[in-house]
Amino acid sequence: MARQVLFVVSECAPLAKTGGLADVAGALPKALRLLGVETRVLMPAYPGLPEQLEGARKLWSGQLHGVEAQVIGGRARGLDLLLLDAPSLFARAGGIYAGPDGRDWADNALRFAALGKAAAEIGFGALSDGWRPEVVHAHDWQGALALAYLDFDGRPRPATAISIHNVAFQGVFDREIMARIGLPEARFTPDDLEYYGRLSFLKAGIVHADAVMTVSPAYARELTTPEFGMGLEGLIRSREADLFGILNGVDLEEWNPETDPRLPERYSARKLKGKAAATQALCAELGLEPETGGPLFVVVSRLTWQKGLDLLLGAMPRLLGRGGRLALLGSGESELERAFRDLAERHPGRVATRIGYDEGLSHRLFGGGDAVLAPSRFEPCGLTQLYGLRYGALPVVARTGGLSDTVIDANDAALRAGVATGFTHDPNSMEALELAIGRACDLYARPDLWTQTVRRAMGHPVGWTDSAPLYAARYTRLVEGGLRGG
């Protein structure tokens with residue numbers, strides 16, 4: 001079995017987070033450790049992160065594309081971390097990818113090329129403590145260039161893998177940046193780095209990875225089609241023999257209603273009284289009516305077209321007409337933010353909107369919500385439906401990607417068989433979403449059957465117990481091929 005794996009990520013929960021990638025980067029290494037896989041996580045040293053390291057030590061220093069940098073190793077939040085400390089690139093006010101004005105940092109290509117180059121150096125054994133990964137596992141476009149640098153160098157290299165968490169984000173930049181970040185011009189071809197006249201970091205990673213991974217089996221299949229491949233479907237089809245979909249999990253210690261300190265009362269599938277208390281407390285916190293005859297639907301999401309939340313806006317008359325309430329937490333496209341704020345103003349006591357992200361509130365929403373909505377047009381895996389299952393907020397989800405891999409629809413046959421865990425509907429259809437919301441309201445009106453379904457949902461496996469061994473086995477197969485290159 002592979003013993004040493006390097007994760008290359010741009011974010012990692014709970015240290016820095018904008019989405020599901022961070023949750024995976026924070027939870028999967030812990031699950032792999034239980035299987036004997038030593039995983040170090042390389043990420044940028046954003047402001048405040050070096051101070052959180054226990055046993056911090058400098059393991060490498062040098063220049064990355066002309067930028068002074070060092071790698072600091074240590075532990076934080078149960079993770080073995082390697083922080084890329086390059087103040088001119090990462091020590092700045094604003095977000096991970098964008099400045100205070102909401103616009104992407106103009107030097108994002110340089111920032112994440114430096115991350116990739118640092119990963120490559122570590123892959124070649126540059127750390128002063130002698131640690132050298134057997135597998136370099138890059139995640140999304142921000143880590144992807146590591147695999148190209150490893151290939152282009154010519155020295156024997158470790159095995160490599162890339163995980164595509166969302167193919168819609170590809171790291172596409174003007175060709176002129178190649179010289180600045182040390183990429184050979186000769187590699188700017190349709191078979192390699194070139195992507196419709198520009199440079200694509202994600203394409204580079206897919207081309208040069210020994211294995212291409214995605215975050216659910218269904219998404220792996222979808223990526224090979226024009227509807228979901230976002231222009232990379234041909235390349236991904238060409239890598240089909242090396243393409244693997246492994247379902248995401250969640251951190252069962254961080255997300256556990258029996259121990260969650262953010263909830264007013266703890267509860268379990270056997271003792272659900274605390275969930276009713278969580279609902280009551282959430283309604284009081286958000287100014288919602290405590291009882292309207294219908295479910296309390298919750299949304300914790302980026303507010304984007306991908307997430308299908310414009311469809312939810314159209315379905316709100318049906319939701320409210322059936323006695324439902326809505327509590328939403330998220331941020332994203334300004335038009336959607338404004339629309340959900342306006343919705344809350346028009347329906348006080350029935351709709352509550354919180355723009356931004358609040359980790360504690362997200363836990364209270366899953367704890368107090370009756371159902372969680374995820375009407376995504378496409379969804380590589382999705383984590384909110386897993387949190388919903390864990391906390392007994394029945395998922396109402398589009399039948400796409402990992403949503404379809406994790407939720408068993410409460411149709412008549414599934415209810416009779418006692419296997420239903422939520423509600424699924426056709427994606428990209430407001431009418432289908434309305435029908436799913438209606439079915440949730442119908443089941444809610446049958447309290448005994450609703451409670452049975454909640455208990456079943458809470459027992460559905462959502463951790464890494466099944467998925468982590470698949471990663472470990474894949475790493476072993478990659479390592480058995482020996483060092484590449486040279």
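Quick summary incoming for the structure in this document. This one's a predicted model, so the numbers in the text were calculated from it and none came from an experiment.

**Here's the deal with the packing of helix H10 (residues 273-286) against helix H13 (residues 359-368)**
The interhelical angle for the contact between H10 and H13, taken along N-to-C directions, is 125°, at an axis separation of 8 Å. One way to sum up the angle between H10 and H13 is to call them oblique. When the axes of H10 and H13 are compared, the crossing they make is left-handed. Contact with H10, carried on its side by Lys275, Ala278, Thr279, Leu282, Glu285 and Leu286, involves Leu361, Arg364, Leu365, Phe366, Gly367 and Gly368 of H13 and no other residues of that element. Of the residues in the contact of H10 with H13, the class split is six nonpolar, three polar and three charged.

**Section: the sheet that holds strand S8 (residues 172-173)**
Strand order in the open sheet made by the three strands is S8-S10-S9, with antiparallel pairing throughout. Looking at which strands have only one partner, the edges of the open sheet turn out to be S8 and strand S9 (194-195). One ladder, built from two bridges, connects S9 with strand S10 (residues 198-200); its direction is antiparallel. What sits directly across from glutamate 194, in S10, is leucine 199.

**Structural notes on the side chain of histidine 165**
Structurally, histidine 165 can be placed in the loop between strand S7 (159-164) and S8. At a separation of 2.9 Å, a polar atom in the side chain of histidine 165 contacts the side chain of histidine 139. Residues contacting histidine 165, with those up to four places away along its chain left out, are Leu21, Val24, His139, Asp140, Val215 and Pro380.

**What to know about the sheet that holds strand S13 (residues 296-303)**
With parallel pairing, six strands are arranged side by side in an open sheet as S15-S14-S13-S16-S17-S18. Each of the sheet's edge strands pairs with one partner strand only, and the pair in question is strand S15 (351-355) and strand S18 (423-425). On average, each strand axis in the sheet is tilted by 15° relative to the strand beside it, whichever way the strands run. Pairing analysis gives two bridges linking S13 to strand S16 (residues 371-374), with the strands arranged parallel. Along S16, the bridge assignment pairs valine 298 with valine 372.

**Section: the nonpolar core**
Among the nonpolar cores identified, the biggest contains 101 residues, and Leu42, Met43 and Phe201 are the most heavily contacted of them. Residue contributions to this core peak at 10 residues, all from helix H3 (residues 108-123). Those residues in contact with leucine 42 that lie beyond four places of it in its chain are Leu6, Phe7, Val8, Val9, Leu82, Leu84, Leu115, Ala118, Ala119 and Ile122.

**Some details on the packing of helix H11 (residues 309-321) against helix H17 (residues 430-444)**
Following both chains from N to C, one finds H11 and H17 inclined at 40°, their axes separated by 9 Å at the closest point. Regarding the angle of H11 to H17, the classification is oblique. With respect to the hand of their crossing, H11 and H17 are arranged in right-handed fashion. For the pair H11 and H17, the contacting residues are Leu311, Leu312, Gly314, Ala315, Arg318 and Leu319 in the first and Met430, Leu433, Glu434 and Ile437 in the second. In terms of residue class, the contact of H11 with H17 is made up of seven nonpolar, one polar and two charged.

**Overview of H3**
Between its terminal C-alpha atoms H3 stretches 22 Å, which fits the 22 Å expected from 16 residues at 1.5 Å a residue. Most of H3 is tucked away, with 15 of its 16 residues classed as buried. Within two residues after H3, glycine 125 carries a phi angle of roughly 90°, on the positive side.

The rules we used
- Residues numbered from 1 in each chain as written.
- Predicted model: local features only at pLDDT ≥ 70, side-chain atom pairs only at ≥ 80, totals over all residues.
- Heavy atoms only, no water.
- Axes fitted to C-alpha atoms, helices over the stretch in contact; angles between N-to-C directions.
- Helix = DSSP H or I, 4+ residues; strand = E, 2+ residues; numbered from the N terminus.
- Parallel < 35°, antiparallel > 145°, perpendicular 65-115°, else oblique.
- Left-handed = near helix turned anticlockwise from the far one by under 90°.
- Contact = heavy atoms within 4.5 Å.
- Nonpolar A, V, L, I, M, F, W, Y, C, P; charged D, E, K, R; others polar.
- Pairing = 2+ DSSP bridges.
- Polar contact = N/O pair within 3.5 Å; in protein donor to acceptor, adjacent residues only side chain to side chain.
- Core = buried A, V, L, I, M, F, W, Y, C linked by side-chain atoms within 4.5 Å.
- Buried < 20%, exposed > 50% of the residue type's maximum accessible area, 1.4 Å probe, protein only.
- Expected span 1.5 Å × (residues − 1).

Shape is all these values report; function is a separate question.
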